[in-house]
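Letter by letter, the chains look like this.
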Amino acid sequence: MTCIGMFIVVLNGALVTKTGSGMGCGTDWPLCNGKFVPAYTIESMIEYSHRFITGIVGLLVLLTFILTLRQAKDKRDAVLYSSSTLLFTIVQAIMGALAVVFTQNPPVMALHFGFSLLAFASSFLMCMAMRKYAQGQVTHRNQAARPVQEVFRYGVWFTLLYTYIVIYVGAFVRHTDSSGGCMGWPLCNGELIPELTGGTLIAFMHRIAAALLFVVVAIMAHFAYHHHKDNREIQQLGIWSMVLCAGQIVSGALVVFTITDMNALLFTSLLHTVLICGLFSVLCYMSIRVWQLRELPEVESSLERMSTQG
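Being a predicted model, the structure only gives us computed values, none of them experimental. (Residues numbered from 1 in each chain as written. Predicted model: local features only at pLDDT ≥ 70, side-chain atom pairs only at ≥ 80, totals over all residues. Heavy atoms only, no water.)

### Remarks on the overall build of the protein
- Along the backbone of the protein there are nine helices and zero strands.
- The helix and strand sequence of the protein, counted from the amino end, reads α-α-α-α-α-α-α-α-α.
- Buried positions account for 46% of the 310 residues belonging to the protein.
- In the protein, of all internal contacts separated by at least 6 residues, the share reaching a separation of at least 24 is 73%.
- For the protein, the exposed surface amounts to about 16,200 Å²; the carbon and sulfur share of it is 70%. (Helix = DSSP H or I, 4+ residues; strand = E, 2+ residues; numbered from the N terminus. Buried < 20%, exposed > 50% of the residue type's maximum accessible area, 1.4 Å probe, protein only. Contact = heavy atoms within 4.5 Å. Areas by Shrake-Rupley, 256 points an atom, 1.4 Å probe, with all protein chains shown as cover.)

See the structure below:
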């Protein structure tokens, strides 16, 4: 439930940005234009609904954290994920409030989306961890699978970090309203290398970064699939990463094609956000798994085998 709620918060925040409703409640917080129940305007209702949903989900996150400490405090990964979900939720809520009271610049607002994404990814990791415990998988290691090599592990971590950078640049494009800087796709304003000024420079940088991301994810997915035939989970994570990355690029192209149609643009932008959430969460989970599946020292490996047999 908390994970679904965090997903709705991210989508709702994207809706606020794309409809330009960030100032729908003026500079008042937590009230909206000085009222608990604001006057009905599209902008105020979108912004106020975002605040309301964020508040409800924040309480769910806090409740999840408390229940984890009380009932699963021996599960260190669950405590870590619930703690990080709470932390990032608080940070993104504070940044959202400051953005209303004080005019924030686009780089800071892009970070606001980044922290929201981290909060969602943390809640996703929490769900995956509890799912494993519910299935009785007390050990994170598949005894039939070889340990993940160090080079591949670093490759997955690099992919995750670079993905976050690309997402941040995309959020910066959104908050600077630079999407129209590059009309047309895949060419930018009909040119392979356009005149790089203003919004065109920002939008073009995002396209180049996204193209390189596709290459990075494709290489990582290749090694995940062809070098881990004894570990179906790693193979599937590689496939999902590739599919979601390709979908993200296609949805980005759809955003460009629909930029003159507000209704269609709203749909394609939200689709783009959904795929971003999916890709980043899968890469976060994959980063955790390659750490858990690393080659353990002999003593630690023996202890894990004993705990599994016990």
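### A few points about the packing of helix α7 (residues 232–257) against helix α8 (residues 262–292)
- Where α7 contacts α8, the axes come no closer than 9 Å and their chain directions differ by 155°. Between α7 and α8, the angle falls in the class roughly antiparallel. The interaxial crossing formed by α7 with α8 has left-handed handedness.
- For the contact of α7 with α8, the per-class residue count stands at 17 nonpolar, ten polar and two charged. (Axes fitted to C-alpha atoms, helices over the stretch in contact; angles between N-to-C directions. Parallel < 35°, antiparallel > 145°, perpendicular 65-115°, else oblique. Left-handed = near helix turned anticlockwise from the far one by under 90°. Nonpolar A, V, L, I, M, F, W, Y, C, P; charged D, E, K, R; others polar.)

### Some words on the packing of helix α1 (residues 2–18) against helix α4 (residues 106–134)
- Following both chains from N to C, one finds α1 and α4 inclined at 160°, their axes separated by 9 Å at the closest point. Taken together, the axes of α1 and α4 lie roughly antiparallel to each other. Viewed along their axes, α1 and α4 form a crossing whose handedness is left-handed. Residues Cys3, Met6, Phe7 and Val10 of α1 pack against Phe113, Ser116, Ala119, Phe120, Ser123, Phe124 and Cys127 of α4.
- Residues of the contact of α1 with α4, tallied by class, amount to nine nonpolar, two polar and no charged.

### Notes on the nonpolar core
- Ranked by internal contacts, the top residues of the largest apolar core, which has 55 residues, are Phe152, Leu213, Ile234, Phe280 and Met286.
- Setting aside residues up to four positions removed in sequence, Leu213 forms contacts with Tyr162, Thr163, Val166, Cys245, Gln248 and Leu279. (Core = buried A, V, L, I, M, F, W, Y, C linked by side-chain atoms within 4.5 Å.)

### Details of the side chain of Ser123
- Among the structural elements, Ser123 can be located in helix α4.
- When neighbours within four sequence positions are excluded, Ser123 is seen to be in contact with Cys3, Met6 and Thr85.

### What to know about the pattern of salt bridges
- Summed over the entire model, instances satisfying the criterion amount to three salt bridges.
- Linking Lys75 and Asp74 is a salt bridge whose minimum nitrogen-to-oxygen distance equals 3.8 Å.
- Notably, a salt bridge pairs Glu233 with Lys132, separated by 3.6 Å at the nearest N-O pair. Linking Glu233 in helix α7 with Lys132 in helix α4, this pair joins segments that are 101 residues apart in sequence.
- In this structure Lys132 comes out as buried when scored by relative accessible area, which is 12%.
- Connected through shared salt-bridge partners, Lys132, Glu233 and Arg289 make up one network. (Salt bridge = Lys/Arg side-chain N within 4 Å of Asp/Glu carboxyl O.)

### Examining α1
- Counted at 1.5 Å a residue, the expected span for α1 with its 17 residues is 24 Å, and the 24 Å between its end C-alpha atoms agrees.
- Buried residues of α1: Thr2, Cys3, Gly5, Met6, Val9, Val10, Asn12, Gly13, Ala14, Val16 and Lys18, and no others. (Expected span 1.5 Å × (residues − 1).)

### Describing a nonpolar patch on the surface
- A surface patch of nonpolar side chains, about 580 Å² in accessible area, is lined by Leu187, Leu192, Ile193, Leu196, Leu201 and Met205.
- Within the fold, Ile193 resides in the loop between α5 (150–175) and α6 (198–226).
- Under the relative-accessibility criterion, Ile193 is labelled exposed at 61%. (Patch = residues over 30% accessible without salt bridge, like charges linked within 9 Å, V, L, I, M, F, W, Y side chains within 5 Å.)

### Looking at the confidence of the model for the protein
- When the pLDDT values of the protein are averaged, the result is 81; 82% of them are 70 or greater.
- Here helix α9 (residues 298–309) stands out as the least confident element of the protein, with mean pLDDT 42; α7 is the most confident, with 92. (pLDDT = per-residue confidence, 0-100.)

### Details of the state of the cysteines
- Considering all chains together, one arrives at zero disulfides under this definition.
- Looking at Cys3, it has no disulfide partner, and the nearest cysteine sulfur is the one in Cys127, 4.2 Å off.
- By relative accessible area, Cys3 is classed as buried at 12%. (Disulfide = S-S within 2.5 Å.)

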